[in-house]
Amino acid sequence: MADSRESEADFKDRLHAKLQNSGELEKLKQTLRDRLQECGWTDSMRKICKEKVRASSIENVSIDDLVNEVTPIGRDQVPAEIKNEILLKLRAFLDEEA
């Protein structure tokens, strides 16, 4: 079982390196940023963060705590269409590299 996780980690490392070296990683990130902005996700997350800070008082909130608290919310709120679009682009990249 440990070997399976290590090989998955190795695969992810190799994939990340290929994406980065080819410039595809930055393209995927930009596509994601653009789509999240277009659908209002960015504004929604900004509002959630402001609400969390107001509820806790700014003096009692660290960036790390805020990130840990809102990350699961943010991931859940990414529209399925955007996740699928990024996944399809990633698969296309893998097909080209194979």
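Reading the values: the criteria
- Residues numbered from 1 in each chain as written.
- Predicted model: local features only at pLDDT ≥ 70, side-chain atom pairs only at ≥ 80, totals over all residues.
- Heavy atoms only, no water.
- UniProt positions renumbered as here; feature names shortened; annotations may be inferred.
- Helix = DSSP H or I, 4+ residues; strand = E, 2+ residues; numbered from the N terminus.
- Rg over C-alpha atoms; globule rule 2.2 N^0.38 Å.
- Buried < 20%, exposed > 50% of the residue type's maximum accessible area, 1.4 Å probe, protein only.
- Contact = heavy atoms within 4.5 Å.
- Areas by Shrake-Rupley, 256 points an atom, 1.4 Å probe, with all protein chains shown as cover.
- Expected span 1.5 Å × (residues − 1).
- Arc of directions from axis to C-beta.
- Core = buried A, V, L, I, M, F, W, Y, C linked by side-chain atoms within 4.5 Å.
- Axes fitted to C-alpha atoms, helices over the stretch in contact; angles between N-to-C directions.
- Parallel < 35°, antiparallel > 145°, perpendicular 65-115°, else oblique.
- Left-handed = near helix turned anticlockwise from the far one by under 90°.
- Nonpolar A, V, L, I, M, F, W, Y, C, P; charged D, E, K, R; others polar.

Where an unreviewed UniProt entry is consulted, the protein appears under the name Transcription and mRNA export factor ENY2, with the organism given as Oikopleura dioica. Recorded in UniProt for the protein, the comment headed Subunit (unreviewed entry) runs: "Component of the nuclear pore complex (NPC)-associated TREX-2 complex (transcription and export complex 2). Component of the SAGA transcription coactivator-HAT complex. Within the SAGA complex, participates to a subcomplex of SAGA called the DUB module (deubiquitination module)." The UniProt entry for the protein carries this comment under Sequence similarities (unreviewed entry): "Belongs to the ENY2 family."

Undergrad: Looking at this model, I keep getting lost on the overall build of the protein. Mind explaining?
TA: In terms of helices and strands, the protein carries 5 helices and 0 strands. Ordered by position from the N terminus, the helices and strands of the protein form the series α-α-α-α-α. What you see for the protein is a C-alpha radius of gyration of 17 Å, clearly larger than the 13 Å of a compact globule of 98 residues, by over 25%. Along the three orthogonal principal directions, the C-alpha set of the protein runs to about 50 × 35 × 25 Å. By the burial criterion, 17% of the 98 residues in the protein qualify as buried. The long-range share in the protein, meaning contacts at least 24 apart out of those at least 6 apart in sequence, stands at 65%. Entry remark: accessible area of the protein is about 7600 Å², with carbon and sulfur atoms responsible for 51%.

Undergrad: Got a minute to help me understand helix H5 (residues 80-97) in this structure?
TA: Owing to its 3.6 residues per turn, the α-helix brings residues three or four apart onto one side. The end-to-end C-alpha separation of H5 is 26 Å, in line with the 26 Å expected for 18 residues at 1.5 Å each. Among all positions in H5, only Ile-82, Ile-86 and Phe-93 are buried. Looking straight down H5, one finds its buried side chains confined to an arc of 30°; they lie on one side. Those residues of H5 that are exposed and aimed more than 90 degrees away from the buried face are Glu-81, Leu-88 and Asp-95.

Undergrad: How should the nonpolar core be read in this particular structure?
TA: Side chains of nonpolar character tend, in soluble globular proteins, to be buried together. In this structure, Leu-15, Leu-19, Leu-25, Leu-28, Ile-86 and Phe-93 together form the largest nonpolar core, which totals 6 residues. Elements represented by at least two residues in this core include exactly helix H1 (2-22), helix H2 (24-38) and H5. Apart from the residues lying within four places of it in its own chain, the contact partners of Leu-19 are Glu-24, Leu-25, Leu-28, Leu-90 and Phe-93. Within the second largest apolar cluster, 5 residues are counted, among which are Met-45, Ile-48, Val-53 and Val-70.

Undergrad: What's the story with the packing of H2 against H5 in this structure? I'm lost.
TA: Helix-helix packing: each pair is described by the crossing angle between the helix axes and the interaxial distance. Between H2 and H5, whose axes approach to 10 Å, the crossing angle comes to 165°. Accordingly, the angle class assigned to the pair H2 and H5 is roughly antiparallel. Crossing hand, H2 versus H5: right-handed. Contacts between H2 and H5 pair Glu-24, Leu-28, Thr-31, Leu-32, Arg-35 and Leu-36 from the former with Ile-82, Glu-85, Ile-86, Lys-89, Leu-90 and Phe-93 from the latter. Partitioned by chemical class, the residues of the contact of H2 with H5 number 7 nonpolar, 1 polar and 4 charged.

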